Amino acid sequence: MLKQRQPLSFPPSLLNYLYVGHFLARWGARMWEFSVGLYMINVWPDSLALAAAYGVVESASTALFGPVVGRLVDKFTYIKVLRLWLLSQNFSFMIAGGTVVALLLYEDVKSENFIVFLSFILLINISGAVGVLSTLAGTILVEREWVVVISEGQHPGVLTKMNATIRRIDLVCKLFAPVVSGFIISFVSLTASALTLAIWNILSVCLQYWLLMSVYNGIPALSESSQKRVYRSLPTDSERSSLTDESRNSHCLGDNDLEPLGHGWMRKVIERVSRISYFSAWKVYLEQDVVLPGIALALIYCTVLSFGTLMTAALEWQGIPAYTIGIARGISATIGILATFLYPVLESQLSTLRTGLWSIWSQWTCLVVCVASIWVPNKLGAAYLLMGGVALSRLGLWMFDLAVIQQMQDQVPESDRCVVGGVQNSLQSVLDLTTYVMGIIISNPRDFWKLIILSLLVVTLAAVLYSIHIYRVRKHLFHFEKLYPLVRIVFR
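Residues numbered from 1 in each chain as written. Predicted model: local features only at pLDDT ≥ 70, side-chain atom pairs only at ≥ 80, totals over all residues. Heavy atoms only, no water.

1. With respect to the packing of helix α5 (residues 114-151) against helix α18 (residues 417-441)
Okay, step 1: Here α5 crosses α18 at 140°, and the two axes come no closer than 10 Å. In this view, α5 runs oblique relative to α18, as classed from their interaxial angle. The two elements α5 and α18 cross, and the hand of that crossing is right-handed. Along its contact with α5, which presents Leu-136, Ile-140, Arg-144, Glu-145, Val-148 and Val-149, the element α18 presents Arg-417, Cys-418, Gly-421, Gly-422, Gln-424 and Asn-425.
Okay, step 2: For the contact of α5 with α18, the class distribution of residues is five nonpolar, four polar and three charged. (Axes fitted to C-alpha atoms, helices over the stretch in contact; angles between N-to-C directions. Helix = DSSP H or I, 4+ residues; strand = E, 2+ residues; numbered from the N terminus. Parallel < 35°, antiparallel > 145°, perpendicular 65-115°, else oblique. Left-handed = near helix turned anticlockwise from the far one by under 90°. Contact = heavy atoms within 4.5 Å. Nonpolar A, V, L, I, M, F, W, Y, C, P; charged D, E, K, R; others polar.)

Rendered as structure tokens:
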């Protein structure tokens, strides 16, 4: 007899509100993510430098401020984070889209007034970076915090199902937003695409806020958790008394007392530095048991083998139409959506750890196809083989992503969850930044094959690091005794 699942302790419609609000936020971010590379390659043809420079600014901002964003999300109430996230994200992408429109309408500005042209580029870069940081705050709030809080006290499969659904929404946006943008660019104009982006962010922000506030007000666990965070951020009585004693002692010290303390100045400097949000956040991250899986996940971002800015610009240079790239990216996202359905099944059969192991190596296998495209003599055939290998690799990539995120949710303490999430995104951006730096160094689209080979080597390192983590935890990688009967059958 099948065991009946325990019903949710809140109206199920609130989960739909959460998913729709998340969808609206991700759609605007995915439209910008796809289109910005095409804007840059059209503004400065025959060079990946401008597209790579934007990638550097975006990734560097997340790398530098990611831990700080994580700290702020952990420090502020849910309501304050929600407001800051939605207003700054939508306003930033609106400015970025409007600036692109101005840049495309005044095509001669580069030759007539280069200072104004650079100002436009700078404004696009800054607005995009602020938008991405705001998106990061929303990602930490929803994916790393609200999902865990909502699933607490529910039946065991709720967390896995919510993780898969949230990732599926992101991939649906990754599927359709590029297709819609690609068709607008190909059959209307780039200007219409940028204008659509700006209008979308103006219209959607109020609906996003209403939906997510409904979720917050309808699920008591969220308001309770938000209140706990406020109390946690306040200094305790012991901390207040220690600060008072320290202040009193510092006033009482005379000239003779200062001399013996001179040798401890280095220790005080180290203590002060360790209290800075950025360094203390990294210290918390490195102390976690899941640090190796986190590093492995971050290494996957150090690759051009995705439908990101550099690969999109390189394919555009090879003569692949924008709508074709959009469709290919959509197929890639469809395979990723399939991964969100397959992951809960594999996780229930294999465990989270082993699902991650099989996923990362299946991704690596598909990326070998991308390297093989280098030696295809036909340029068009090589481009399609490259896109096919990248699309297939998404199955392993997104299952690995879900496996690592769930390990972090299960093993990272509640007090460190937002901080670890911020540092994880910061580390991912550091390695993403490395990709764009390589794109600036190897800026000729003819040399894109070098970036493909480097990307496979980095993914290989990620797979090896995760395998080491699995061996440390489980003391073995595979059940060879179970494989032996299968091998005998094959050879017979």
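That was the structure; now back to the text.
2. Focus: the pattern of salt bridges
Okay, step 1: Tallied over the full model, the rule gives seven salt bridges.
Okay, step 2: Between Arg-30 and Asp-170 there is a salt bridge, and its shortest N-O distance comes to 2.7 Å. One end of the pair, Arg-30, is in helix α1 (residues 13-43); the other, Asp-170, is in helix α6 (residues 157-187), and 140 residues separate them in sequence.
Okay, step 3: For Asp-170, a relative accessible area of 3% translates into the label buried.
Okay, step 4: Salt bridges sharing partners connect three or more residues here, namely Arg-26, Arg-30, Glu-33, Glu-143, Arg-167, Asp-170 and Asp-401. (Salt bridge = Lys/Arg side-chain N within 4 Å of Asp/Glu carboxyl O. Buried < 20%, exposed > 50% of the residue type's maximum accessible area, 1.4 Å probe, protein only.)

3. Observations regarding unusual backbone geometry
Okay, step 1: Residue Ser-351 is not a glycine yet carries a positive backbone phi of 95°.
Okay, step 2: For Ser-351, the position within the fold is in the loop between α15 (322-350) and α16 (352-372).
Okay, step 3: Note on Ser-351: relative accessible area 31%, which makes it partly exposed.

4. What to know about the nonpolar core
Okay, step 1: Of all hydrophobic cores here, the largest spans 98 residues; its most connected members are Trp-32, Leu-315, Leu-386 and Tyr-466.
Okay, step 2: If one sorts the elements of this core by residue count, helix α17 (residues 379-411) sits on top with 12 residues.
Okay, step 3: Counting residues in hydrophobic clusters, the runner-up holds 37 residues, among them Ala-25, Trp-146, Val-158 and Ile-219. (Core = buried A, V, L, I, M, F, W, Y, C linked by side-chain atoms within 4.5 Å.)

5. Quick notes on α17
Okay, step 1: Along its 33 residues, α17 runs 47 Å from first to last C-alpha, staying within 8% of the 48 Å computed at 1.5 Å per residue.
Okay, step 2: At Arg-394, α17 shows its largest kink, close to 35°.
Okay, step 3: Near the N-terminus of α17, the side chain that reaches the backbone nitrogen of Leu-380, with its oxygen 3.0 Å away, is that of Asn-378. (Expected span 1.5 Å × (residues − 1). Bend = angle between axes of the 7 residues up to and from the residue. Polar contact = N/O pair within 3.5 Å; in protein donor to acceptor, adjacent residues only side chain to side chain.)

6. Focus on the side chain of Gln-407
Okay, step 1: Looking at where Gln-407 falls in the secondary structure, it is placed in helix α17.
Okay, step 2: Taking relative accessible area as the criterion, Gln-407 reaches 3% and is therefore assigned buried.
Okay, step 3: Of note is the side chain of Gln-407, whose polar atom sits 3.0 Å from the side chain of Tyr-466.
Okay, step 4: Not counting chain neighbours up to four residues away, the residues in contact with Gln-407 comprise Val-290, Pro-293, Thr-352, Leu-353, Val-412, Tyr-466 and His-469.

7. Overview of the packing of aromatic side chains
Okay, step 1: In the structure shown here, the tally under the stated rule is 12 aromatic pairs.
Okay, step 2: Plain terms: the ring middles of Trp-32 and Tyr-54 are 5.9 Å apart, the flat faces sit at 75° to each other, and that makes the pair edge-to-face. Placement of Trp-32 in helix α1 and of Tyr-54 in helix α2 (residues 49-75) is noted, with a sequence separation of 22 residues between them.
Okay, step 3: Seen from their ring centres, Tyr-78 and Trp-146 are 5.9 Å apart, and the 70° between their planes marks the pair as edge-to-face. Of this pair, Tyr-78 sits in helix α3 (residues 78-105) while Trp-146 sits in helix α5, and the two are 68 residues apart along the sequence. Both residues of the pair, Tyr-78 and Trp-146, belong to the buried class.
Okay, step 4: Grouping aromatic residues by their ring pairs yields a cluster made of Trp-32, Tyr-39, Tyr-54 and Phe-93.
Okay, step 5: Just above the ring of Phe-76 sits the side chain of Lys-80; from NZ or CZ to the centre is 5.0 Å. (Phe/Tyr/Trp six-rings, centres within 6.5 Å; stacked < 30°, edge-to-face > 60°. Lys NZ or Arg CZ within 6 Å of the ring centre and 35° of its normal.)

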